[in-house]
Amino acid sequence: MLIKKPDDVRSSEITPESVYRNRREFLRAAGFASVVSAAGLGASGCAEAEVRAASQLGPYDTDEEQTPYEAVTGYNNFYEFGTNKDEPARYAHTLRPRPWTVQVDGLVRDPKTWDLDDLLAGFTMEDRVYRMRCVEGWSMVIPWYGFAMADLVNKLEPLPSARYVRMETLVDEEQMPGQRRGFFGYTLDWPYVEGLRMDEARNPLTFMALGVYGREGPNQNGAPIRLVVPWKYGFKGVKSIVRISFVGDEPLNTWQQENSREYGFYANVNPDVDHPRWSQAREERIGELFSRDTLMFNGYAEHVAHMYEGMDLRQFY
Ligand SMILES: Nc1nc2c(c(=O)[nH]1)N[C@H]1C(S)=C(S)[C@@H](COP(=O)(O)O)O[C@H]1N2
Ligand SMILES: [Mo]
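Residues numbered from 1 in each chain as written. Chains lettered and ligands numbered in written order. Predicted model: local features only at pLDDT ≥ 70, side-chain atom pairs only at ≥ 80, totals over all residues. Heavy atoms only, no water.

Engineer: Which residues make up the pattern of salt bridges, and what values do they have?
Structural biologist: Overall, the coordinates contain 21 salt bridges when judged by the stated rule. Residues E283 and R133 are paired through a salt bridge, measuring 3.2 Å at the closest nitrogen-oxygen approach. Taken as a pair, E283 in strand β10 (residues 282-285) and R133 in strand β3 (residues 126-133) lie far apart in primary sequence, 150 residues in all. For the pair formed by E283 and R133, the shared burial category is buried. Among the ionic contacts, a cluster of salt bridges with common partners joins E64, R131, R133, E283, R285, E288 and R292. (Salt bridge = Lys/Arg side-chain N within 4 Å of Asp/Glu carboxyl O. Helix = DSSP H or I, 4+ residues; strand = E, 2+ residues; numbered from the N terminus. Buried < 20%, exposed > 50% of the residue type's maximum accessible area, 1.4 Å probe, protein only.)

In structure tokens:
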């Protein structure tokens, strides 16, 4: 699909840096509610970069209004840079997305450590506009830039005994200040880990994103490479991946390890199964005034429901 990249935008459409910075300060000071209203202003034509999709959506793209660039890149979860939504945008500049290596190991034909650019060689980059739903109850529509995870799986040739794929984020206190114990008061057990069943990893919707809005980066969205699984809650989308392991057993993910009563392996978006602290029936779409119903599998049931036939989704949450 076609996306108007920041490069192509007429200069009169672009927010001056100072206005942009002030908007950031404003978002930072006032938190979630103002992200919503600021995004609303953007949508109604306030001067800011109109980096939006043009026509020609592909078969997996949603035609819903895309969340403005500054909310996509200014309101993030990335605990390696702090637990507040504005902190990744403030601190992620210390991450160095190149040179970057990805260790590939486990049940795979050729276990080895790849330079990222060699790993990416031969893939065709594309844009995918997906609904994204965080378990905390907010959602966005994000135009991701990257390639199908199925292409990566095919290139790496897992053995038939591989039933799951496990992915890890970088551990480096120097690049990721949130990993310093006590720096932000609260830390996870690093590295951040996520996993998928092999059929989920090969599903045509599953995407490896290098960036958003038609280009690589920015760091706070998981540069240089992160997972995107639009029918699962946001936390499945492990960022800044340095290791991909093909394994036989279901991997324990970070949030399961943190609190297995609240977070499971599957994490499929399901309005009928509530998180112990948050109802999942409705969601706040960033940029909209009124909440909306959350859809089964985040609206992607036609592409993914068959993978879970016969499974009790209350048990496998
Ligand atoms: N390494 C790492 N990956 C992560 C997280 C994190 O804290 N660390 N947060 C997750 C959560 S909870 C969400 S909602 C998404 C947010 O992605 P975005 O900031 O690009 O919208 O990233 C996921 N990936
Ligand atoms: Mo999330």
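Engineer: Go over the side chain of T67 with me, naming the residues and quoting the values.
Structural biologist: Mapped onto the secondary structure, T67 falls in the loop between α2 (32-43) and α3 (69-72). Among the polar contacts listed, one links the side chain of T67 to the backbone nitrogen of V141, at a separation of 2.8 Å. Contact partners of T67, with chain neighbours within four places excluded, come to V72, M140, V141, Y213 and I286. (Polar contact = N/O pair within 3.5 Å; in protein donor to acceptor, adjacent residues only side chain to side chain. Contact = heavy atoms within 4.5 Å.)

Engineer: Lay out the site of ligand 1 in plain terms, naming residues and giving numbers.
Structural biologist: Taken together, the neighbourhood of ligand 1 is formed by 16 residues, with N76, Y79, E80, G237 and K239 sitting nearest. Here an oxygen atom of ligand 1 sits 2.7 Å away from a polar atom, N or O, in the main chain of Y79. Here a nitrogen atom of ligand 1 sits 2.8 Å away from a polar atom, N or O, in the main chain of G237. When ligand 1 is considered free in solution it has 530 Å² of accessible area, and contact with the protein chains removes 96% of it. In this structure the site holding ligand 1 corresponds to the largest pocket. Its residues assigned to classes, the shell around ligand 1 comprises seven nonpolar, six polar and three charged. (Near = heavy atom within 4 Å. Areas by Shrake-Rupley, 256 points an atom, 1.4 Å probe, with all protein chains shown as cover. 1 Å grid on protein atoms, 1.4 Å probe; cavity = no way out; pocket = protein on both sides within 12 Å on 5 of 7 lines; lining within 4 Å. Sits in = over half its atoms within 2 Å of the grid points. Nonpolar A, V, L, I, M, F, W, Y, C, P; charged D, E, K, R; others polar.)

Engineer: Quick one: what's the story with the sheet that holds strand β2 (residues 112-115), residue by residue and with numbers?
Structural biologist: Sheets are built from strands that pair by backbone hydrogen bonding, the pairs being arranged parallel or antiparallel. Strand order in this open sheet of five strands is β2-β1-β9-β5-β6, and the pairing throughout is mixed. The open sheet terminates on both sides in strands that have one partner only, identified here as β2 and β6 (193-197). Each strand axis lies, on average, 20 degrees off the axis of its neighbour in the sheet, ignoring direction. Inspection of the sheet shows strand β1 (residues 101-106) paired to strand β9 (residues 241-247) by four bridges, in the parallel sense. Its bridge partner being in β9, Q103 is matched across the sheet by R243. (Pairing = 2+ DSSP bridges. Axes fitted to C-alpha atoms, helices over the stretch in contact; angles between N-to-C directions.)

Engineer: So what's going on with unusual backbone geometry? Which residues, and what values?
Structural biologist: In the segment running from W190 into P191, the intervening peptide bond is cis, with an omega of 0 degrees. Relative to the assigned elements, P191 resides in the loop between β5 (164-169) and β6. Here the residue pair A223 and P224 is connected by a cis peptide bond, since its omega of 0 degrees sits within 30 degrees of zero. Of note, P224 is situated in the loop between β7 (207-212) and β8 (226-228). Its identity is not glycine, yet Y213 carries a phi of approximately 50 degrees, on the positive side. Summarising the element assignment, Y213 is placed in the loop between β7 and β8. For Y213, a relative accessible area of 0% corresponds to the buried category. A positive phi angle, near 55 degrees, is found at A267, a position not held by glycine.

Engineer: Break down the layout of surface pockets for me, citing the residues and quoting the values.
Structural biologist: Computed from the structure, the largest pocket encloses a volume of approximately 600 Å³. Contributing elements (two or more residues each) for the lining of the largest pocket: β3, β4 (138-148), β8 and α8 (254-258). By residue number, the principal contributor to the lining of the largest pocket is β4, which donates four residues. Taken together, the residues that form the lining of the largest pocket break down as 19 nonpolar, seven polar and eight charged. (Points joined across faces, edges and corners; volume = space filled by probe spheres on them.)

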